[in-house]
Amino acid sequence: MRKAPFIFFLLCCVQLSYGQRTLTVQADKPVAEIAPTMWGIFFEDINFAADGGLYAELVKNRSFEFSMPMTGWKELKRGGSGKILIINLADKKPQNPRFANIKVDANGNYGITNEGFRGMGIKAGTYVFSIWARKTEGDVTMTVELASSSGKELAVGSLAVVSDEWKRYELALTATDTSLKGALNILFSGKGALDIDMLSLFPKNTWKGRPGGLRADLVQLLADMKPGFIRFPGGCIVEGRDLNNRYQWKQTVSAIEDRKLMINRWNTEFRHRLTPDYFQTFGLGFYEYFLLAEDLGAEPLPILNCGMACQYNTGEVVALNELGPYIQDALDLIEFANGDVTTHWGGLRAEMGHPQPFNLKYIGIGNEQWDEQYVERFIAFEKVLKKQYPHIKLVAGAGPSAEGPRFEYAWKEFSKLNVDLMDEHYYKEPAWFLKNAHRYDNYDRKGPKVFAGEYAAQSRGIASAENRNNWQCALSEAAFMTGLERNADLVVMSSYAPLFAHVDAWQWTPDLIWFDNLRAYGTPNYYVQKLFAVNKGTHAVPVTENGLALTGQDSVYASAVIDKTAKKVIVKIVNASAAPVSFLLNVQGVKGLKNEAIIDVLASDDRQAVNTLDDPKAIAPVEQAVTVKGKPVSIRPLSVNVITMSVQ
Ligand code: AHR
């Protein structure tokens, strides 16, 4: 009995000297430059990502333009009476035809209340209310109130509408308390009538304090990822269910009140998640997307409609000889982003507040389109765009699947054209991601570069409402991403999709970041993306065991980079097995590597574990110091590890 510990010690020594696994990192043998765009983000207005999400407007249906004009609004009577009439001036104001006429009688208060996006999230602090109004009769005073879900007054102020011409009025309100599902009440007193439109409420504390801007907490989560690019505005939203419903960037860059609202295609897409109150106001439009890209230090990557609607829906196409206006939209977009202020579209950019060009370098033509109709239309775009703007890189789509006849066809045809980038999408089960860490090892290096444009492991099945952002999914994505990094000569862009989801208003799961009206959290998948992006390095280098890359042998995956600027060697090890493992690190080709390194560990013992609003960091990276020279580094079961070694 007494001898057992000694025997155990001996066995451990034997294990250490004979069974110890070694990872060899050839830090002086870079195989590829890591593109600055390697890890980016995919934004689409799905799951209330824009209206009700990133776009910080708190009023839903601010200009009565939803199909049912009173969606989000209710009458409010506090001892008073009156009438609301919705007026439509479609011929005179096609961009924003409707407004409300409010008639009030002399007694008490009469008004309307707005419910926000599944409740109005109000935090203690300052808000800016604004409204377009004109007097039509008598004298009416307006009282504006922020209220909690129980009806408690959180802020109040008043406004006098003084003119019988349309005018914009603004009022600052300071909320004294917080409510997750509050409301905006607007009460009228006096006797008379007035017209009102564009009723709006924004927190003062938006991202960078921009009036009418973006939700600061959500942008911060994006900024923390240090994304190399931002793709916008989607996704299928680019295509539209029909061509009429396609995304048209020019509709999104005028004055806010002139941006013509449109139904959001996700409103009716999934029967199990119908969202009748989902529209696009385009308050977050192309100018704002470019600005966001600039703020994040990310390359803007707009995706444009190629003259085809969603092939899962109507599949409508524009006749080839009618494609001119679509191609012109692409040319004009380049002018809007990069053109001189003396040009029409460059001038508009300057007028909107950004005389400096946005330096657009990439455009995607079409999203998930397929077959010869797509190739023909792409060719028509390419001919014109490459002639006028040879330096703008064009992205072609490989269709909705990661393999199969449509995928093969797209690759064959677009390789002949030698397009700049191919956009591949994979929404697959975790096992697929684990099996595909070597997917790109044998791709043709002379063909187009790869943009892994949309991917996410699906715990139950594609578009299933049961999908969860659980640890097993995140772990499998990390394993797969080591394969992207190892093939950084070919894969130059990648992004998880979709990005955002409102906990009460989503259509599609899983998603990278979840939020309610007050809070937000990153999923385990978010932390995987962030770990890779903030540790992207400058060059991929080989990391091997017994001369072989680690692509899932014993469920272990690895990739390595060096950062020539920061003088670092960074090794990523994913252990997808339930057993611990340890590795001696044999880093070759660098002098003066410090013995003390940093290891960021993202791990959970439970494959089903998730983060939540109440426990947002249940799974989040933990940073530790680790000794790397002559001592094996222990790797936890079910873990993603980033080991950063510095050179003195
Ligand atoms: O990310 C959600 C959807 O999945 C995208 O809109 C589409 O491109 C893909 O099918």
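Before reading on, note that the structure itself is shown above.
Here, residues in each chain are numbered from 1, in the same order as that chain's written sequence. With the structure being a predicted model, the display of local features is reserved for residues of pLDDT at least 70 and the display and counting of side-chain atom pairs for 80 or more, all residues being used for whole-chain, interface and lining totals. Computation of side-chain values covers all heavy atoms of the structure but excludes hydrogens and water.

This part covers the site of the ligand. A single heavy atom is enough: if one lies within 4 Å of a molecule or strand, its residue is considered near that molecule or strand. Every residue close to the ligand is listed here: Glu44, Gly235, Cys236, Trp266, Asn367, Glu368, Tyr427, Glu454, Pro498 and Trp508. Contact between the ligand and Asn367: an oxygen atom at 2.9 Å from a side-chain N or O atom of the residue. Within the side chain of Glu368, one N or O atom sits 2.8 Å away from an oxygen atom of the ligand. Under the convention used here, a 1.4 Å probe and the Shrake-Rupley method define accessible areas, while residue burial counts only the protein chains that appear. Out of a free accessible area of 280 Å², the ligand has 95% covered by protein chains. In this classification, the charged set is Asp, Glu, Lys and Arg, the nonpolar set is Ala, Val, Leu, Ile, Met, Phe, Trp, Tyr, Cys and Pro, and all remaining amino acids, among them Gly, are polar. Grouping the amino acids of the shell around the ligand by side-chain chemistry returns 5 nonpolar, 2 polar and 3 charged. Polar contact criterion, stated in full: a pair of N or O atoms within 3.5 Å, where within protein one must be able to donate a hydrogen and the other to accept it, and residues adjacent in sequence count only if both atoms are side-chain atoms.

Let us now look at the pairing of strand β1 (residues 21-26). Examined bridge by bridge, β1 and strand β30 (residues 581-588) share 6 bridges and lie parallel to one another. Directly across from Thr22, in β30, lies its bridge partner Leu584. As defined by bridge partners, β1 adjoins strand β26 (residues 543-545) across 2 bridges and the pair is classed as antiparallel. Across the sheet, the residue bridging to Val25 is Val543, located in β26. Strand pairing requires that DSSP identify at least two bridges connecting the strands. By the criteria applied, helices consist of DSSP H or I runs no shorter than four residues and strands consist of E runs no shorter than two, each listed in order from the N terminus.

Of the pockets and cavities examined, the largest pocket occupies roughly 820 Å³. As for the largest pocket, its lining consists of 36 residues, and the residues nearest its centre are Tyr55, Pro211, Gly212, Gly213 and Ile256. Those elements giving two or more residues to the lining of the largest pocket turn out to be β9 (125-147), β11 (167-175), β12 (179-203), α4 (286-296) and α6 (344-351). In terms of residue count, α4 provides more of the lining of the largest pocket than any other element does, 5 residues in total. For the lining of the largest pocket, the residue count by class is 17 nonpolar, 8 polar and 11 charged. Lining residues are defined by having an atom within 4 Å of a point belonging to a cavity or pocket. Those points lie on a 1 Å grid over the protein atoms alone, cavities being sets where a 1.4 Å probe fits but cannot get out and pockets being open sets with protein on both sides within 12 Å along at least five of seven lines. Grid points are joined across faces, edges and corners, and a volume is the space filled by probe spheres set on the points.

Within this document, salt bridges are pairs made up of a side-chain nitrogen of Lys or Arg and a carboxyl oxygen of Asp or Glu, the two lying within 4 Å of each other. Per the counting criterion, the structure on display carries 37 salt bridges. Between Glu413 and Lys412 there is a salt bridge, with the nearest N and O atoms lying 3.6 Å from each other. With a shortest N-O distance of 3.1 Å, Lys416 and Glu413 are connected by a salt bridge. Here Glu413 and Lys416 lie together in helix α8 (residues 405-416), a separation of 3 residues that amounts to about one turn.

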